[in-house]
Amino acid sequence: MIVKMKKVSLVVLDSTRKESLKALRKAGVVHLEHIEGEGAALQAFRESSQETDKALGILDEIKADKKQKIVQEPLSKEEACAKAKEILSLNDRKKSLFDSINQDSQEISRLESWGIVDPEELKLLAEKAVFAYMYEVPAEKYADIGDEVKTVLVNTTGKIARFLVVSDTEILDRPAGLPPEAYAVPLPRASTEIIADDIRKAQQEIDCINRELFIAKKYAAALVSYRKALVSDIEFENVRSGMAHEEESESESIRLAWLTGFVPVDSMEKFRKVCAENGWAYASDDPSDEDLVPTKLKNNRVVSLIYPLTDFLDVTPGYHEFDISGWFLMFFCIFFAMIFGDAAYGALIALLGIGLAFKGLGKGKFFAPINMFVILLGLCTMVWGVMTCSWFGIDASKLPKELVEMSFMPFSKAKYALVNGLPFDSSAAEDYANLNQKIFCFVLAVVQLSVAHIMCTLRNRKSLKAIGDFGSLIELWGMFYVVMAMVGDPDRFSLGVNESTIYVAGIPLPYLAIGVLLAGFALSFVFSNYEGSVKASVLESCKNIISVVLGVVNVFSDTVSYIRLWAVALAGAAISGTINTMAGPMLGKFTMILFGAILLVFGHGLNLILNLLSVIVHGVRLNTLEFSQHLGMAWSGTKYSPFSEKQ
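Let us look at the structure shown here. Just so it is clear, the model here is predicted, and its values are computed rather than measured.

## Quick word on the overall build of the chain
Point 1. The helix and strand inventory of the chain stands at 20 helices and 11 strands.
Point 2. In terms of its C-alpha atoms, the chain occupies a principal-axis envelope of roughly 125 × 90 × 60 Å.
Point 3. Long-range contacts, defined here as pairs at least 24 residues apart, represent 75% of the contacts in the chain between residues at least 6 apart.
Point 4. Total accessible area on the chain is roughly 35700 Å²; 60% of this is exposed by carbon and sulfur atoms.
Point 5. Charged side chains of the chain number 64 positive and 76 negative; the gap between the two group centres comes to 7 Å.

Written out as structure tokens, the structure is:
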């Protein structure tokens, strides 16, 4: 259920703001409204947090040998701050060295064909009135250089001629006798030998920095702890500096500061006690419709197993919406089991959950929700796999007869074939099982969506709007027959009347279903927008007539949408069968057994991953989209997160 909240306003002396917030944080019951603080202290904390994040990112990039065990060492806050800055400084120096190496390497490459180039030697020549300038020109153009230009050919490699322009006076402009294709070669900053030596020194310094960064990995855990502490410091300083307060008062000692937030009703007694102990003034009231009230969910331990999934999806119902945790858990388990659809897969998932539980045994987390949730999903998948006689996609003819007999005949083609004396690969048996599984998908649809409309009807039971919700419910039931006639089993369900038509109270069932559908649409049309006036409700529906009509189409599409469970499961079973078919011949040859085993492990492992993705895409969607839309839920909530001391 969604725990009721109280909106509270807390007033403290401005002079005791810091101490009061420490006491409030220790109580850990108030979810504060959004506060935007400012100030040098807050900015310093944020900068330290950013620096620590960057430092940890740098350490993560330093890979250690798997055999090397790095013993973590603790650091104080001040030491951790200094270590983060040191790591960033080392990394910045490393980047600078890489840039220098890159630039110098380009210089070496540019002048490689000239041999050793030393600008100092050219300066010495200039002091003796011999000025030399480096030029390059296409080899065939060298002969076009005018006689008035004195040149010394250095070499010709490929199609490029390298030469020196020599003069007894300094040349400030480009000599007129040079062809347009000739271009001056800029001198390097130093001798190419010195540049090459600088590259070697820079690489040695980089190696030294890498060793220092590797040694710094022993402080990674300390930096993580420091970053967590900074998160708490940032939160605290943000609240402290952002609290509303009096700008002026007669006496600074009686200046007030205040904040607002939300407290669960079951924590109000604790809140009152803390206020009394610290001499705070407070006021509490029910939240208004405009307030952004956080959502706190409170359920039993079984229903709470769904929380790891909703936390992963980061979805929270709004304060005024429904808590569907129990329904979410029940239907998600069914969807998960149907999509994986294999008893052996289910056993592997259950074993994974058991392994996680024993791994957390030493930390007191054996019964952690995630562990129990995985085990539950595995067991549900095993049940469905047993019912459908699915075991690693193995052909039923190769399974023990006991496993076939354990299966549920309406969903098991193997059991149907066994009972009726048909071959296990009989198309009649396969059609029979597939049809029943498709019908089961539509039954699931009408059951889950009916739950949604019943919940809406009960919520509005004191208003005529409940009639509109009831109309949507029976509209869904009428649409179920239409879906069965068009998509499910047209042979048994028909929109027309024939010799096999079933009559209910003298009325043909097709006509009754269409009548229920139309009656539900009419009730929904008249009362779905009821806010005190039937006339206004009808007028509102008329204004949105296109959306109202499309709503009927949506009911059809939402119901049909559940067939995805059967389709995805069928695809997974086909992949399993294909893998077995490919690996089977290998297992019959001694030299190929290893390759066959690898193929089986890889193939079924890949199929498990694909099924998991299908669950996220399809199994979650049916709960958070189709089911939620019929409930009118937008998952617009903010999770209750009280101002508290972080572990």
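## Examining the sheet that holds strand β3 (residues 131-138)
Point 1. Taken together, the 4 strands give an open sheet; going across it, the order is β4-β5-β3-β6, and neighbouring strands pair in antiparallel fashion. Two strands lie at the open edges of the sheet, namely β4 (151-157) and β6 (183-184), each paired on one side alone.
Point 2. Pairing geometry for β3 and β6, over 2 bridges, is antiparallel. Counterpart to Tyr 135 in the pairing with β6 is Ala 184.

## Details of the packing of helix α14 (residues 427-459) against helix α15 (residues 465-488)
Point 1. Between α14 and α15, the least distance of the axes is 9 Å, while the angle of their chain directions is 170°. As summarised for this structure, α14 and α15 are arranged roughly antiparallel, according to the angle between their axes. Facing α14, whose interface residues are Leu 435, Ile 439, Phe 442, Val 443, Val 446, Leu 449, Ser 450, His 453, Ile 454, Cys 456 and Thr 457, α15 presents Ala 466, Asp 469, Phe 470, Ser 472, Leu 473, Leu 476, Trp 477, Phe 480, Val 483, Met 484, Val 487 and Gly 488.
Point 2. Its residues assigned to classes, the contact of α14 with α15 shows 17 nonpolar, 5 polar and 1 charged.

## Points about a nonpolar patch on the surface
Point 1. The grouping of Phe 312, Ile 575, Phe 602, Leu 606, Ile 609, Leu 610, Leu 612, Leu 613, Ile 616 and Val 617 at the surface amounts to a nonpolar patch, some 940 Å² of accessible area in total.
Point 2. Looking at which element gives the most residues to the nonpolar patch, the answer is helix α20 (residues 593-631), with 8 residues.
Point 3. Tracing the backbone through its elements, the reader meets Ile 616 in helix α20.

## Quick notes on α14
Point 1. Between its terminal C-alpha atoms α14 stretches 48 Å, which fits the 48 Å expected from 33 residues at 1.5 Å a residue.
Point 2. Of the residues that open α14, the one with a side-chain oxygen 3.2 Å from the backbone nitrogen of Ala 428 is Ser 426.

## Re the pairing of strand β1 (residues 5-13)
Point 1. In the sheet, β1 pairs with strand β8 (residues 256-264) via 9 bridges, with the strands oriented antiparallel. Residue Leu 10 lies in a different strand from β8, and its bridge partner there is Leu 259.
Point 2. Strand direction decides the pairing type here: β1 and strand β9 (residues 281-285), joined by 5 bridges, are antiparallel. Residue pairing for β9: Leu 10 is matched across the bridge by Tyr 282.

## What to know about the pairing of β3
Point 1. A large share of β3 lies buried, amounting to 6 of its 8 residues.
Point 2. In the sheet, β3 pairs with strand β5 (residues 160-167) via 8 bridges, with the strands oriented antiparallel. From the neighbouring strand, Tyr 133 faces β5, where its bridge partner is Val 165.

## Some points on the pattern of salt bridges
Point 1. A full pass over the atoms with the stated rule returns 28 salt bridges.
Point 2. Across the pair Asp 14 and Arg 17 runs a salt bridge whose closest N-O atoms are separated by 2.5 Å.
Point 3. On the accessibility criterion, Arg 17 (9% relative accessible area) is buried.
Point 4. Residues Arg 189 and Asp 104 are paired through a salt bridge, measuring 3.1 Å at the closest nitrogen-oxygen approach. In this pair, Arg 189 sits in the loop between β6 and α5 (192-216) while Asp 104 sits in helix α3 (residues 77-111), placing the two residues 85 residues apart along the sequence.
Point 5. The class for Arg 189 is exposed, based on a relative accessible area of 52%.
Point 6. Members of the salt-bridge network, linked through shared partners, are Lys 7, Glu 33 and Asp 291.

## Details of the side chain of Asp 233
Point 1. Checked against the element boundaries, Asp 233 lands in helix α6 (residues 220-242).
Point 2. Within polar-contact distance, the side chain of Asp 233 engages the side chain of Lys 77 at 3.1 Å.
Point 3. Discounting residues that sit within four places of it in the chain, Asp 233 has contacts with Phe 45 and Lys 77.

## Section: the nonpolar core
Point 1. Within the largest apolar cluster, 58 residues are counted, with the highest numbers of intra-cluster contacts made by Ile 324, Phe 332, Phe 373, Leu 565 and Leu 631.
Point 2. Excluding its chain neighbours within four sequence positions, the residues that come into contact with Leu 631 are Phe 322, Ile 324, Ala 452, Met 455, Cys 456 and Arg 459.

## Some remarks on the packing of helix α16 (residues 509-527) against helix α17 (residues 534-543)
Point 1. Direction vectors running N to C along α16 and α17 enclose 110°, while the axes themselves pass 6 Å from each other. Classified by the angle between their axes, α16 and α17 sit roughly perpendicular to one another. Residues Phe 525, Val 526 and Phe 527 of α16 form the contact with α17, whose participating residues are Val 534, Ser 537, Val 538, Ser 541 and Cys 542.

## Focus on unusual backbone geometry
Point 1. Phi at Asp 314 is positive, roughly 55°, even though this residue is not glycine.
Point 2. Its place among the elements puts Asp 314 in the loop between α8 (307-313) and α9 (325-340).
Point 3. Phi is positive for Phe 392, close to 55°, though the residue is something other than glycine.
Point 4. Within the element layout of this structure, Phe 392 appears in the loop between α11 (369-388) and α12 (401-406).

## Focus on the packing of aromatic side chains
Point 1. Applying the stated criterion to the full structure yields 23 aromatic pairs.
Point 2. An angle of 75° between the planes, with centres 5.3 Å apart, marks the rings of Phe 271 and Tyr 282 as edge-to-face. With Phe 271 in helix α7 (residues 268-278) and Tyr 282 in strand β9, this residue pair connects regions lying 11 residues apart in the sequence.
Point 3. For Phe 271, a relative accessible area of 2% corresponds to the buried category.
Point 4. With a relative accessible area of 32%, Tyr 282 lands in the partly exposed category.
Point 5. Site record: aromatic cluster; members linked through ring pairs are Phe 328, Phe 332, Phe 336, Phe 340, Phe 373 and Trp 635.
Point 6. Taking NZ or CZ as reference, Lys 438 lies 5.3 Å from the ring centre of Trp 566, over its face.

## Considerations on the environment of Lys 22
Point 1. Mapped onto the secondary structure, Lys 22 falls in helix α1 (residues 17-27).
Point 2. On the basis of relative accessibility, which here comes to 44%, the residue Lys 22 falls in the partly exposed class.
Point 3. Each C-alpha atom, one on Lys 22 and one on Ser 644, is 8.9 Å from the other, the two residues being 622 residues apart in sequence.

The rules we used
Residue indices follow the written sequence of each chain, beginning from 1 at its first position. Given that this is a predicted model, residues contribute local features only at a pLDDT of at least 70 and side-chain atom pairs are listed and counted only at 80 or more, while totals for whole chains, interfaces and linings are drawn from all residues. Calculation of side-chain values draws on the structure's entire complement of heavy atoms; hydrogens and water are dropped beforehand. Secondary structure elements are defined from DSSP: runs of H or I of at least 4 residues count as helices, runs of E of at least 2 residues count as strands, and each element is numbered from the N terminus. A contact between two residues is defined here by any heavy atoms of the two lying within 4.5 Å. For the accessible areas, the method is Shrake-Rupley and the probe is 1.4 Å, while residue cover comes only from the protein chains on display. Asp and Glu are treated as the negative residues and Lys and Arg as the positive ones, with His and the ends of the chain left uncounted. Charge placement uses NZ in Lys and CZ in Arg. For Asp and Glu, CG and CD serve respectively. DSSP bridges decide pairing: two strands pair if at least two such bridges lie between them. Note on geometry: axes are C-alpha line fits, over the in-contact stretch for helices, and angles between N-to-C directions span 0 to 180 degrees. Geometric relationships in this document are graded by angle, where less than 35 degrees denotes roughly parallel, more than 145 denotes roughly antiparallel, 65 to 115 denotes roughly perpendicular, and other angles denote oblique. Each residue is assigned to one of three groups, with Ala, Val, Leu, Ile, Met, Phe, Trp, Tyr, Cys and Pro labelled nonpolar, Asp, Glu, Lys and Arg labelled charged, and all others, Gly among them, labelled polar. Note that patches include only residues with greater than 30% relative accessible area and no salt bridge, and the join distances are 9 Å for like charges and 5 Å for nonpolar side chains (Val, Leu, Ile, Met, Phe, Trp, Tyr). Any Lys or Arg side-chain nitrogen found within 4 Å of a carboxyl oxygen on Asp or Glu counts as a salt bridge. Every helix has an expected span of 1.5 Å times one less than the residues it contains. Between N or O atoms, a polar contact is any pair within 3.5 Å; within protein, one atom must be a potential hydrogen donor and the other a potential acceptor, and residues adjacent in sequence are included only when both atoms are from side chains. Classification of residues uses two cut-offs on accessible area relative to the type maximum, computed with a 1.4 Å probe and protein chains only: under 20% is buried, over 50% is exposed, and between them is partly exposed. Residues enter a nonpolar core if they are buried and are Ala, Val, Leu, Ile, Met, Phe, Trp, Tyr or Cys, with the set joined through side-chain atoms within 4.5 Å. Classification of ring pairs rests on two measures: the distance between centres of Phe, Tyr or Trp rings, Trp counted by its six-membered ring, which must be within 6.5 Å, and the angle between planes, read as stacked under 30 degrees, edge-to-face over 60 and tilted in between. Charge-over-ring contacts are defined here by two conditions on Lys NZ or Arg CZ: a distance within 6 Å of the ring centre and an angle within 35 degrees of the ring normal.

Geometry only, nothing functional implied.
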